[in-house]
Amino acid sequence: GQQVMQIPQYQHVQEGEDFTTYCNSSTTLSNIQWYKQRPGGHPVFLIQLVKSGEVKKQKRLTFQFGEAKKNSSLHITATQTTDVGTYFCAGPVQGGKLIFGQGTELSVKP
Amino acid sequence: GAVVSQHPSRVICKSGTSVKIECRSLDFQATTMFWYRQFPKQSLMLMATSNEGSKATYEQGVEKDKFLINHASLTLSTLTVTSAHPEDSSFYICSARLISGVYNEQFFGPGTRLTVL
């Protein structure tokens, strides 16, 4: 079946360093979504990318959708302690369902 | 953004009892809601798709007789864990689907942490 792989599983950075998480789908996606889950919290929608090669920015966060619409990345510039959490990518499948990647847990050392 | 509530937020029960979890879309109507389960340090695993006015669709490996889903209205879906056992202890999260143009966004409830003793 369709799979969404995400790496790395964990990333520990010093505050101020950059962070990137990568997402790869086994099949072409119509869109890809990114969510953030704070420790003890629930996933919160960050963004959806629809177009091939699309790049979107939200302050220090840059999201990219690959040309083949099978991979995506989230890059955080100059991490802050408020960025701590697990970042999930998710791709849609039939019926409006989402398949989530395994998530990348980001910890930031002040 | 759209708000989804979930109740209760936390429940502790004895083995063998049943637990009902409610998921409500507060400011929009959701014909489709989804139920996920998340174990510690793991990703969200879709359990079932809840469809208003029709039977839920369960993912492979999820027992429909154990996890009863009812989507009686456009704003409410319920998940009942029947005869709960310690291995059912998990974080249960619902989401409601909001379709707007090309965008297909899911809004998640705050989750219910179930502990079965």
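S.K.: Hey, could you run me through the environment of Glu59 of chain B in this one?
M.R.: In this structure, Glu59 of chain B sits in the loop between strand S6 (57-58) and strand S7 (67-73). Sequence spacing of Glu59 of chain B and Lys14 of chain B is 45 residues, and the spatial spacing of their C-alpha atoms is 26 Å. Residues in contact with Glu59 of chain B, not counting those within four places in the same chain, are Lys97 of chain A together with Leu46, Met47 and Ala48 of chain B.

S.K.: Could you clarify how one ought to interpret the confidence of the model for chain B in this entry?
M.R.: The predicted coordinates ought not to be read in detail in places where the model reports low pLDDT. Overall, the predicted model of chain B reaches an average pLDDT of 91, with 94% of residues at or above 70. Mean pLDDT values over the elements of chain B span from 78, in strand S10 (residues 103-108) of chain B, up to 97, in strand S11 (residues 112-116) of chain B.

S.K.: Would you explain the state of the cysteines in this entry?
M.R.: Each disulfide consists of a covalent bond between the sulfur atoms of two cysteine residues. Inspection of the entire model under this criterion finds two disulfides over all chains. Each sulfur in the disulfide pair Cys23 of chain A and Cys89 of chain A lies 2.0 Å from the other. In this structure the cystine formed by Cys23 of chain A and Cys89 of chain A twists about its S-S bond by roughly 75 degrees; its chirality is therefore right-handed. Here Cys23 of chain A is found in strand S3 (residues 19-25), whereas its partner Cys89 of chain A is found in strand S9 (residues 85-92), with 66 residues between them in sequence. The same class applies to Cys23 of chain A as to Cys89 of chain A, namely buried. Between the sulfur atoms of Cys23 of chain B and its disulfide partner Cys94 of chain B the distance amounts to 2.0 Å. Measuring handedness by torsion sign, the sulfur bridge of Cys23 of chain B and Cys94 of chain B sits at about 80 degrees and is right-handed. Here Cys23 of chain B is found in strand S3 (residues 19-25), whereas its partner Cys94 of chain B is found in strand S9 (residues 90-100), with 71 residues between them in sequence.

About the criteria used
- Residues numbered from 1 in each chain as written.
- Chains lettered and ligands numbered in written order.
- Predicted model: local features only at pLDDT ≥ 70, side-chain atom pairs only at ≥ 80, totals over all residues.
- Heavy atoms only, no water.
- Helix = DSSP H or I, 4+ residues; strand = E, 2+ residues; numbered from the N terminus.
- Contact = heavy atoms within 4.5 Å.
- pLDDT = per-residue confidence, 0-100.
- Disulfide = S-S within 2.5 Å.
- Buried < 20%, exposed > 50% of the residue type's maximum accessible area, 1.4 Å probe, protein only.

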